[in-house]
Every structure is written in C-alpha cells, then in structure tokens.
Amino acid sequence: MGYTSLQHCINDLEKNNQLIKITEPVSSNLEMAAIHLRVNAMGGPALLFQNVIDSQFQCASNLFGTKQRAQFIFRDSLKNIQQLIELKQQPYKILKQPFKALKLAKTAYSSLPQKNFFSKSIIQNEININQLPQIKHWPMDGGSFITLPQVYTEDVDFTGISRSNLGMYRVQLSGNNYEENKEIGLHYQLHRGIGVHHSKAVLKNKSLKVSIFVGGPPSHTFAAVMPLPENMSELNFAGALGHKRFNYFYEDGYCISADADFVITGEVMSNNNNKPEGPFGDHLGYYSLTHLFPVLKIHKVYHKKNAIWPFTVVGRPPQEDSIFGSLIHELAGDALHKEIPGLKDLNAVDAAGVHPLLLAVGTERYTPYLIQQQPSEILTIANHILGSGQLSMAKYVFITASNNDDTISAKNEVAFFTYLLEHINLQRDLHFYSNTTIDTLDYTGSAINQGSKLVLAAYGPKIRCLNTEITEKLRELKTCFNPQIALPGVLILQAQSFINYEQTKIEIDHFEKELQQKAINLNGFPLIVLVDDANFTAHTLNNWLWITFTRSNPTHDTYGINSTLNFKHFGCDNLIIDARIKPHHAPVLELDKEVEKKIDKLFEKGKSLYSFLKPSPPY
C-alpha cells in the first residue's frame, strides 16, 4: 500500500480493525513496553498510545506484529519487489515477459529518491532530545532507547544519497553519562553499513554526519533492516516498496527525510569520543551489557506537526522483529540461493536468536564416482555461508544434503535435526573455527565480538536409529540427572550450576566413567545437552533451541564421549553441548512484576484492551 505517512498507515489499520487506540494514561517507563509484549505474544493488534505520560506525542507499536499484518501493510508492493529482484537476477526474462516489465516500470520509477525543494515543514518544529518519548523497555536498561530508528550516513568522500546507508542501529537517548540534550549513544554491530562510513571518516580525521529518521511511511522502517548489498541504496528500496519516491532535502549539511515524523541530526567526532552505552534488553533474550560505543553530538532535533513516535520491544524470540526476518526471506530467499551455488535451503533459526544457529540444505555433486559418500560440496557451501555478510555471525551451522530426497527442509526443525542426527559421523564431521568473530550481542564468547563456530556436516548413509525413550538406567545417573528428550536423538541432562571450565572437564570425565560402569549405551543419542533446568528446556522445541544455542560457545562448551584429537581434528561418538549459564553470560530478561500488575487494568472490562486480549504475561 502506498502510504504517504505513518498516520496514513495507522488510519488504514484502524479502518480494517487491525489497530487499537489506548486512551488511558500510560507511562513510557516500562509500562508501554510491557503492554506491547503482552499484546504481541498473543498475536494482537497494532497499538496507538494516545495519552503518554510526560510526552506530548502519541506513540505506535506492534505495527508489524504479525506476518499477516505486515503483508497487509505492503499488500500492493511485495509481489512487485519480488519480481524486480527476479528480473535483476535473470534479466533475460524481460524479453519473455515484456508486459510484466512495463508493469514494473512504475515500481522502478518509485525507487528513485526525489530531492524536495518545497516541502520542508518538518524543520519548522524544533525540540530537544528530552522532549522525545523516553521509552524504557526492560527493568535493567541503562536509559531510554529508540528501537525503530532509520540511521542515515554518507561516504565522506562521495557525499550524496547514491553512496548512502540507511540502517537500523539502536540509539540510547538518556542515561549513563551522556550530556543531556547534547549527546546520545549510537550502537552498531559488526558487518553493518554504517561501520564502513565511520571507519573511513576516522581514517581521514573527519567527523561523520548522521541523520536519524523516526517514523514516516512504514516502507522506510522496513528498508532500514533490509540487508542490501553495500553499494545499493536503501532509499531506492524504500521508494519501490512504498510506491512513493523517497523525499529528502539538505539542511545545514544534513540529509533530512521530508516524510519522517522525527529527525535527529548530529556528528560522530573523528577522535573516537566513545562513551558507555547500555545495558539494553536485546533480541537474544538477554541484556546486552554496557560497552563503549560512539557518541552522537546533537545538532538539531525536528518533528512534523502531529508527529507519531513508532517503537518496538525486542526480547527472547519470537518478537515483532522476527516478522522483519520472515519478510526479508520472502523477498530475497531465492537471491541467496543464487549467490551461494549448491545451496537449496537455509533457515536462520529465529527461536535461537537468528545468528547463533543456521540450518542448511545443499547438494553433493563433487565426487559421484566415490562409493564412500562423505561431506564435500556442503563443506564448501558452509564456508561460503560463513563468508557472507551477516550470515558470518553464525555460531552453529548444521548442514546436510540428499540428492535423492528433495523433501528435506531447513524450515522444519524437528525433521531436519532428525535426518541430520541419523546420518552424521561425529568422529569425522565436526569442523571448528576458533578465535573468530560472533555477534556483538552474544556473550557466550571469550570477549565482545569474539568466539567460535562449529559446522556439523552430514552426508552419506543412515548410520543410527535415534532414541525417543528414557531407560531406567538413564534415570539412575548421578553426575548428570533428570534425563529428558527434546526431540529424537537429543538427550537433555541437568547438572549442577557451572563453576568453571576446569570443573566441567572433571564432571564430563565422571559422567563418562559412570556411563561405562552402568553399561549405558547412548548410540541413539548422538547429541547430549547439559542444562540448568531439564524440564524447562525439554518442555518446548523453542525452549531447547533458545537455551542450547544462546548459552554455548562451540570451542569452550562442547565435549564428547570417546573423544579423539587426531592432527587437530576433534571427533567423538556422542557430542555434548554444555548449555548451562556461565558467570560471564549476560542476565536473562525478566519482566517487572509490579508493572505487570499495574497494566492488568487495561485488560479489565470497560478498558481499551478488554475485548481483545486476556492479561497473560509472555515471560
């Protein structure tokens, strides 16, 4: 839908019974976020907070809270974008379908940004940072944050929109030791477009001009999270997706989105004047802790008349940001397959926090003459995956192939793991990458951005049947106890709280000796996971995925029964992942009980949310 503004989108959602107005006074300190989390967890409507305590502005959230609503918002353009991507990959199709190409010409025209010389009304309303909605999302957050910003930067050598980057990097508005109304925190992670611009500015001893757009047509928000190639402008994508050219102009040397609801301008100075940023309740379900990040020196802050402040809340997945990932895959999934030869299917598992776990299906075409089948091409594919942009942040890559069985899907986690565990040779098919980069938000590694990776590649004949039952002998185990099954072949065992890695090695040794003494055969459990709470971990598939892959660092937290080390290659009969919480891990996100009680009133009879949802906290 070609929305001209955020207000236009909100009006459309309300007209189609997909938005609720909350008229009661609500605090921006935890309450708005708690309401959002509860509504989102139950698949509820978009929300418009009309009476925000301590703010003159209305706030909107959960706009993209369900896949159906996101598709509704972009209902007139998603198919066209898919076709444009397809034509870019296979331009010869234009010759076969000339009428389709003509139909897409309008979409292509909308992708061209438009410099606006006349409509500059947004800069007529200037305010301070502390007049913006100060939304605090989680109890231990270091202050208030912008969670749906569109952060705009340009190449210091090639100014102008053609070399620009529009990305979604969280912004801290208050707290810590930021100078009020003069400084805010700018947090960005590895492999982000803004990093290229910032690094170049630092090398040339120049400050980096930054414009932060908030609101505007929803296509602008989505464009900021779209992982486009480095030299492709997100502004083009925003225009094509929104059926409306991106309108902009320059003021005091800063690019201004003419359609945004709010614009913050400022500079990141060349002397790397970093300050502590965080903590922040993040999308892995834990807090990202306080670290030094760039400071944005504020120039000016603008807002349009009757501006609306959009926000979201991230936490343990799935959340609203999961919908962005789903739409991105819908639009660009085939493009990735063409970029990585042999890749047939890929799933960045949302329940595990996206970056920690990738499931992949490839092909094996390298050595058809060999009688003994083993991973070959899929190892090349795995390396290609780990060398591709944000996919390189993955910690665990499970990859398999079956040229005779096209029904293997990386999207069906249970079936995928079942197939892979039936076929993997753990003495041969474990491939570690040590001392490498991982997601900035992942605290399982040895330091920020530093950790390891593990590729588990399975190809060849089925070599085992997977256990689906707990035997009495397993229930007698003492070192690791309370056995549970997460899915076929995956044994969950509870252990005492983690002390240190030396103690864990002792525990694993005792565990292995106990198995020998009791003559327990674990051939049907190729994967064993040690946890703090076996019942919780095995209760749902999502619990197992989240705990196993967000609480382990492959090189430090994997062990093996009957393990071997042959010319630096580690192998074992049964792989053990220690997914207990470690002292260096970040705290788990937990809701504030008093706030939860306070917002219950909105779900009572006669209140804004009574007819839609029951008061059931998501955590």
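This report concerns the structure included in the present document. (Residues numbered from 1 in each chain as written. Predicted model: local features only at pLDDT ≥ 70, side-chain atom pairs only at ≥ 80, totals over all residues. Heavy atoms only, no water.)

## A look at the pairing of strand β5 (residues 58-61)
So the rule is basically this: Any two strands are treated as partners once DSSP identifies two or more bridges connecting them. The way it works is that DSSP assigns letters per residue, a run of H or I at least four long becomes a helix, a run of E at least two long becomes a strand, and they are numbered from the N terminus.
As defined by bridge partners, strand β3 (residues 46-49) adjoins β5 across three bridges and the pair is classed as antiparallel. By the bridge assignment for β5, phenylalanine 49 is matched with cysteine 59. With four bridges joining them, β5 and strand β22 (residues 308-311) adopt parallel strand pairing. Its bridge partner being in β22, cysteine 59 is matched across the sheet by tryptophan 309.

## Structural notes on the nonpolar core
The cut-off we apply is this: As used here, the term nonpolar core means buried Ala, Val, Leu, Ile, Met, Phe, Trp, Tyr and Cys residues forming a set that is joined through side-chain atoms within 4.5 Å. Accessibility here uses a 1.4 Å probe with only protein chains present; expressed as a share of the type maximum, an area under 20% marks a residue as buried, one over 50% as exposed, and anything in between as partly exposed. Contacts are residue-level and defined by heavy atoms, with any inter-residue pair within 4.5 Å sufficient.
In this structure, Ile35, Phe49, Ile212, Ile264 and Trp309 are the most contacted members of the largest nonpolar core, which totals 53 residues. Top contributing element to this core by residue count: helix α2 (residues 31-41), with six residues. Look past the residues within four positions of tryptophan 309 in its chain and what remains in contact with it is Gln58, Cys59, Ala60, Leu132, Pro133, Ile135, Ile146, Leu173, Val214 and Phe262. Leu13, Leu48, Ile122 and Leu228 belong to the second largest nonpolar core, which has 49 residues in total.

## Things to note about the side chain of glutamate 154
Defined as follows: His is not counted, nor are the chain ends; Lys and Arg add positive charge and Asp and Glu add negative charge. Only one rule defines a salt bridge in this text: a Lys or Arg side-chain nitrogen within 4 Å of an Asp or Glu carboxyl oxygen. Here a polar contact means two N or O atoms within 3.5 Å. Within protein one must be a hydrogen donor candidate and the other an acceptor candidate, and residues neighboring in sequence count only if both atoms are side-chain atoms.
With respect to the helices and strands, glutamate 154 occurs in the loop between β9 (149-153) and β10 (165-167). As a buried residue without a salt bridge, glutamate 154 has its nearest oppositely charged side chain in lysine 115, at a separation of 9.1 Å. Here tyrosine 250 takes part through its side chain, which lies 2.5 Å from a polar atom of the side chain of glutamate 154.

## So, unusual backbone geometry
In the segment running from glycine 278 into proline 279, the intervening peptide bond is cis, with an omega of -5°. Mapped onto the elements, proline 279 comes out in the loop between β17 (275-277) and β18 (280-281). Here the amide bond leading from proline 317 into proline 318 is cis, since omega sits at 5°, within 30 degrees of zero. A positive phi is found at asparagine 482, a non-glycine position, where the angle reads about 50°.

## A short note on the sheet that holds strand β29 (residues 490-494)
Here is the rule: Angular values range over 0 to 180 degrees, each being the angle between N-to-C directions of two axes fitted as lines to C-alpha atoms, with helices fitted over their stretch in contact.
Taken in spatial order, the five strands of this open sheet run β28-β29-β30-β34-β31, and their pairing is mixed. The open sheet has two free edges, formed respectively by β28 (481-487) and β31 (558-561), since each of these has just one partner strand. Along the sheet, successive strands turn relative to each other by an average axial angle of 25°, direction set aside. One ladder, built from four bridges, connects β28 with β29; its direction is antiparallel. The partner of isoleucine 485 across the bridge, within β29, is leucine 491. Packing against the sheet, helix α16 (residues 541-550) makes contact with β28, β29, β30 (527-531) and β34 (574-578), and its axis sits at approximately 80° to β30.

## As for the environment of asparagine 62
Relative to the assigned elements, asparagine 62 resides in the loop between β5 and α3 (67-73). Of the residues examined, asparagine 62 reaches a relative accessible area of 0% and is grouped as buried. Taking the C-alpha atoms as reference points, asparagine 62 and tyrosine 248, 186 residues apart in sequence, are found 27 Å from one another. Not counting the four nearest positions on each side in its chain, asparagine 62 is found in contact with His36, Val39, Asn40, Gly44, Pro45, Ala46, Leu47, Arg69, Phe311 and Glu320.

## Notes on the sheet that holds strand β15 (residues 254-257)
Read from one edge of the open sheet, three strands run β6-β14-β15, paired in mixed fashion. Each end of this open sheet is capped by a strand with a single partner; those strands are β6 (114-115) and β15. The sheet contact formed by β6 and strand β14 (residues 247-251) spans two bridges and is parallel. Looking across to β14, one finds that glutamine 114 is bridged to asparagine 247.

## Re the packing of aromatic side chains
Formally: Any two of the Phe, Tyr and Trp rings considered here, Trp counted by its six-membered ring, make a pair once their centres fall within 6.5 Å; the pair's planes then place it as stacked at under 30 degrees, edge-to-face at over 60, or tilted in between. When the NZ atom of lysine or the CZ atom of arginine is within 6 Å of a ring's centre and also within 35 degrees of its normal, the charge is said to sit over that ring.
Counted under the stated rule, the structure contains 23 aromatic pairs. Ring centres 6.3 Å apart and planes at 65° place the aromatic pair tyrosine 169 and tyrosine 188 in the edge-to-face group. Within this pair, whereas tyrosine 169 is found in the loop between β10 and β11 (171-172), its partner tyrosine 188 is found in the loop between β12 (183-186) and α7 (193-203), the two being separated by 19 residues in sequence. Residue classification places tyrosine 188 among the buried residues on the basis of a relative accessible area of 18%. Taking 5.1 Å as the distance between ring centres and 75° as the angle between the ring planes, the aromatic pair formed by tyrosine 396 and phenylalanine 549 counts as edge-to-face. With tyrosine 396 in strand β25 (residues 396-401) and phenylalanine 549 in helix α16, this pair connects stretches of sequence that are 153 residues apart. Like tyrosine 396, the residue phenylalanine 549 is buried in the burial classification. An aromatic cluster is present here, built from Tyr396, Phe398, Phe416, Phe417, Trp544 and Phe549 joined pairwise through their rings. Arginine 75 extends its terminal NZ or CZ atom over the ring of phenylalanine 72, reaching a point 3.9 Å from the ring centre.

## Brief notes about the pairing of β34
With five of five residues buried, β34 lies mostly within the body of the structure. Of the two faces of β34, the one lined by Asn574, Ile576 and Asp578 and the one lined by Leu575 and Ile577 are each fully buried. Here β30 runs beside β34; their pairing, made up of four bridges, is parallel. Paired with leucine 527 across the strands is leucine 575, a residue of β34.

## Structural notes on the packing of helix α12 (residues 413-423) against α16
What counts, and what does not: Any angle from 65 to 115 degrees is called roughly perpendicular, while one under 35 is roughly parallel, one over 145 is roughly antiparallel, and all others are oblique. All residues other than Ala, Val, Leu, Ile, Met, Phe, Trp, Tyr, Cys, Pro, Asp, Glu, Lys and Arg, Gly among them, are scored as polar; the first ten of these are nonpolar and the last four charged.
Relative to each other, α12 and α16 sit at 60°, their axes nearing to 11 Å. As summarised for this structure, α12 and α16 are arranged oblique, according to the angle between their axes. Two secondary-structure elements touch here, α12 through Glu413, Val414 and Phe417 and α16 through Leu541, Trp544, Leu545 and Phe549. Residue composition of the contact of α12 with α16, by class: six nonpolar, no polar and one charged.

## With respect to the pattern of salt bridges
Summed over the entire model, instances satisfying the criterion amount to 27 salt bridges. Here lysine 297 ties to glutamate 183 by a salt bridge, and the two come within 2.5 Å at their closest N and O atoms. With lysine 297 in strand β21 (residues 295-303) and glutamate 183 in strand β12, the pair connects residues that are 114 residues apart, well separated along the chain. The class of lysine 297 is partly exposed, set by a relative accessible area of 27%. The salt bridge partner of glutamate 507 is arginine 580, with a shortest N-O separation of 3.1 Å. Taken together, the residues glutamate 507 in helix α14 (residues 501-517) and arginine 580 in the loop between β34 and α18 (593-599) connect sequence positions 73 residues apart. Given the relative accessible area of 0%, arginine 580 is considered buried.

## Remarks on the environment of isoleucine 577
One can find isoleucine 577 in strand β34. With sequence-adjacent residues up to four places away left out, isoleucine 577 is seen in contact with Tyr396, Leu527, Ile528, Val529, Leu530, Thr548, Phe549, Ser552, Asp557 and Thr558.

## Thoughts on the packing of helix α8 (residues 218-225) against helix α9 (residues 234-242)
The condition that has to hold: For a crossing to be left-handed, the near helix must be turned anticlockwise from the far one by less than a right angle; the clockwise case is right-handed.
Across the interface, α8 lies against α9 with an axial gap of 8 Å and an inter-helix angle of 140°. One way to sum up the angle between α8 and α9 is to call them oblique. The hand of the α8/α9 crossing is right-handed. Facing α8, whose interface residues are Ser219, His220, Phe222 and Ala223, α9 presents Glu234, Phe237, Ala238, Leu241 and Gly242. Split by residue class, the contact of α8 with α9 holds five nonpolar, three polar and one charged.

The values are spatial; any link to function lies outside them.
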